[in-house]
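# Per-entry structural report
This is what each chain is made of:
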Amino acid sequence: MTATSVSSLRRHTEQAYAEMAELGVGALWRHLGNLFPAEPATRAVPFHWSYGALRPYMLHFADVLSIEEAQRRVLMLVNPGLQAESATVTGLYAGIQVILPGEQAQAHRHAANAFRFIIEGSGAYTTVAGERVHMHPGDLLLTPGWQWHDHYHEGDGPMMWLDGLDFPIVNALDAQFFELHGETAQQSSVPDGLSSAQFIHGRLNPTWIRERTVSSPIGNYPWAETERAFAAIAEDAAGSAVDGIQLEYTNPWTGGPVMPTMACRIQRLVPGFHGAPRRHTAGTILHVVRGEGTTVVDGQEIYWGEKDVLVVPSWATYQHINASRSADAVLFAYSNEPVVRALGLYRDELR
Ligand code: GTQ
């Protein structure tokens, strides 16, 4: 073949790709490597948010932006690799919400599942499907998808919490719905905290409640109970070589994760804990309840302190270290593991 005919063929080929694109057609051979990476190639990067660095901005916006304007006054913790979807790790989101005394965050509902993990302040409650659920630092409050919820602060001082939502998964599946309630706040229709009072976390379930919801029916997993569990286990359990004394918040109907898309766990790393390295196919967001330490993520050392947030992307090797000689470190962790497992895609490897 002459040089001219080769280049004219090449031109034809380029034109064929362009024409095919117009027809909604791609050439698999040009994309095989991207579409089928040898192992997960996440856009999420390991990242750390210092609570001390965020707090002044939260207070600034509490000052200059009314709750009515904001609807929800939340700083989103956006992973630099996931800006398009405002996700913190693949499929999941974290935000820090602040509400001031007397403020009412108006009632709404969305298909996305949500929870709050309380960071600081007292005297606020959220009303979920007519039940007022009071908040204390360390409590885990659930707002399963499509339940009306509004927040009210009747105490003193600013109240801050971590919001965890699965909206990036819901949006990726084009399954999101959102609705404002007709009233700013829901009426209270049952005794405050009833759902938590009725369930003793799966050991004694009320027989008169017939509806087996896919999400846990418990409105609040109070910190006081978490502390009691840690105290009862004390030093007697070996715990996980990777995650220390880690407990999972469970749905009393199933014993499984609290919501179909998010597993929520709390872990205590004893002084001197040096975790074994592991990787798995679940993206994880961690919040430091107390203490300080280091998590090595794919060789990168992330130093964390109290109230900070960090992410471990899918398939990144991570290792938790609490170098303190005397102080525990306690981490709250949530991940998309239930989704990954439900689809038969969970893999886990000790390194
Ligand atoms: O408090 O209802 O961080 O709807 C994001 C969306 C919090 C909430 C967020 C929400 C909420």
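In what follows, the accompanying structure is described. (Residues numbered from 1 in each chain as written. Predicted model: local features only at pLDDT ≥ 70, side-chain atom pairs only at ≥ 80, totals over all residues. Heavy atoms only, no water.)

### Considerations on the overall build of the protein
A tally of regular secondary structure across the protein gives eight helices and 22 strands. Across its three principal axes, the protein shows a C-alpha extent of roughly 85 × 55 × 45 Å. Per-residue burial over the protein gives 46% buried out of 351 residues. Contacts in the protein between residues far apart in sequence, at least 24 positions, make up 75% of those at least 6 positions apart. (Helix = DSSP H or I, 4+ residues; strand = E, 2+ residues; numbered from the N terminus. Buried < 20%, exposed > 50% of the residue type's maximum accessible area, 1.4 Å probe, protein only. Contact = heavy atoms within 4.5 Å.)

### Quick look at the site of the ligand
Neighbouring the ligand are the residues Arg72, Val74, Tyr93, Gln97, His108, His110, Arg116, His149, His151, Asp163 and Leu165. Within the side chain of Tyr93, a nitrogen or oxygen atom sits 2.8 Å from an oxygen atom of the ligand. The contact in question runs from an oxygen atom of the ligand to an N or O atom on the side chain of Gln97, over 3.1 Å. About the coverage of the ligand: the protein hides 89% of its 290 Å² of free accessible area. Among the secondary structure elements, those contributing two or more residues to the shell around the ligand are β3 (93–99), β4 (104–110), β9 (149–153) and β10 (159–165). (Near = heavy atom within 4 Å. Polar contact = N/O pair within 3.5 Å; in protein donor to acceptor, adjacent residues only side chain to side chain. Areas by Shrake-Rupley, 256 points an atom, 1.4 Å probe, with all protein chains shown as cover.)

### Let's talk about helix α3 (residues 51–64)
Owing to its 3.6 residues per turn, the α-helix aligns residues three or four sequence positions apart on the same side. Counted at 1.5 Å a residue, the expected span for α3 with its 14 residues is 20 Å, and the 20 Å between its end C-alpha atoms agrees. Listed in full, the buried residues belonging to α3 are Tyr51, Leu54, Met58 and Ala62. One face of α3 carries all of its buried residues, which in axial projection span an arc of 80 degrees. Residues of α3 that are exposed and point more than 90 degrees away from the buried face comprise Gly52, Tyr57 and Asp63. Considering only its buried residues, α3 is in contact with β1 (47–49), β2 (74–76), β3, β5 (114–120) and β10. (Expected span 1.5 Å × (residues − 1). Arc of directions from axis to C-beta.)

### As for the pairing of β5
Across the seven residues that make up β5, a large majority, seven, are buried. Pairing between β5 and strand β8 (residues 140–143): four bridges, direction antiparallel. When the sheet's bridge partners are listed, Phe117 is paired in β8 with Leu140. (Pairing = 2+ DSSP bridges.)

### Section: the nonpolar core
By size, the foremost hydrophobic cluster in this structure holds 42 residues, and its most contacted members are Phe115, Phe332 and Tyr334. The leading source of residues in this core is α3, at four residues. The residues contacting Phe332, other than those within four sequence positions of it, are Phe115, Phe117, Leu140, Leu162, Tyr249, Cys264, Arg265, Ile266, Ile285, Leu286, His287 and Val289. If you look at the next biggest cluster of nonpolar residues, it comprises 15 residues, including Leu286, Trp304, Leu310 and Val312. (Core = buried A, V, L, I, M, F, W, Y, C linked by side-chain atoms within 4.5 Å.)

### Description of the pattern of salt bridges
In total, this model carries 17 salt bridges according to the counting rule given. A salt bridge links Glu39 to Arg279; the shortest N-O distance between them is 3.7 Å. On the criterion of sequence distance, the pair formed by Glu39 in the loop between α2 (32–35) and β1 and Arg279 in strand β15 (residues 278–280) is long-range, its members being 240 residues apart. On the basis of relative accessible area, Glu39 is assigned to the partly exposed category, the value being 43%. (Salt bridge = Lys/Arg side-chain N within 4 Å of Asp/Glu carboxyl O.)

### So, the side chain of Gln104
As for its position among the elements, Gln104 is in strand β4. Within the local environment of Gln104, its side chain forms a polar contact with the side chain of Asp150, the two groups lying 3.5 Å apart. Of note is the side chain of Gln104, whose polar atom sits 3.3 Å from the backbone oxygen of His151.

### Brief notes about the sheet that holds β10
Read from one edge of the open sheet, six strands run β2-β3-β10-β5-β8-β12, paired in antiparallel fashion. Each having just a single partner strand, β2 and β12 (220–221) make up the two edges of the open sheet. Where α3 meets the sheet, it contacts β2, β3, β5 and β10, and its direction lies at approximately 50 degrees from that of β3. (Axes fitted to C-alpha atoms, helices over the stretch in contact; angles between N-to-C directions.)

### Considering the environment of Val330
Following the sequence through the fold, Val330 ends up in strand β21 (residues 329–335). The sequence separation of Val330 and His287 amounts to 43 residues, and the corresponding C-alpha distance is 8.7 Å. With near-sequence residues (within four places) excluded, Val330 lies in contact with Trp223, Phe230, Ile266, Gln267, His287, Val288, Val289 and Arg290.

### Focus: the pairing of strand β19 (residues 309–312)
Neither face of β19 is open: one carries Val309 and Val311, the other Leu310 and Val312, and all of them are buried. Pairing geometry for β1 and β19, over three bridges, is antiparallel. Across the sheet, Phe47 pairs through a bridge with Val311, a residue of β19. Across four bridges, the pairing between strand β16 (residues 284–290) and β19 is antiparallel. Residue pairing across strands places Thr284 opposite Val312, the latter belonging to β19.

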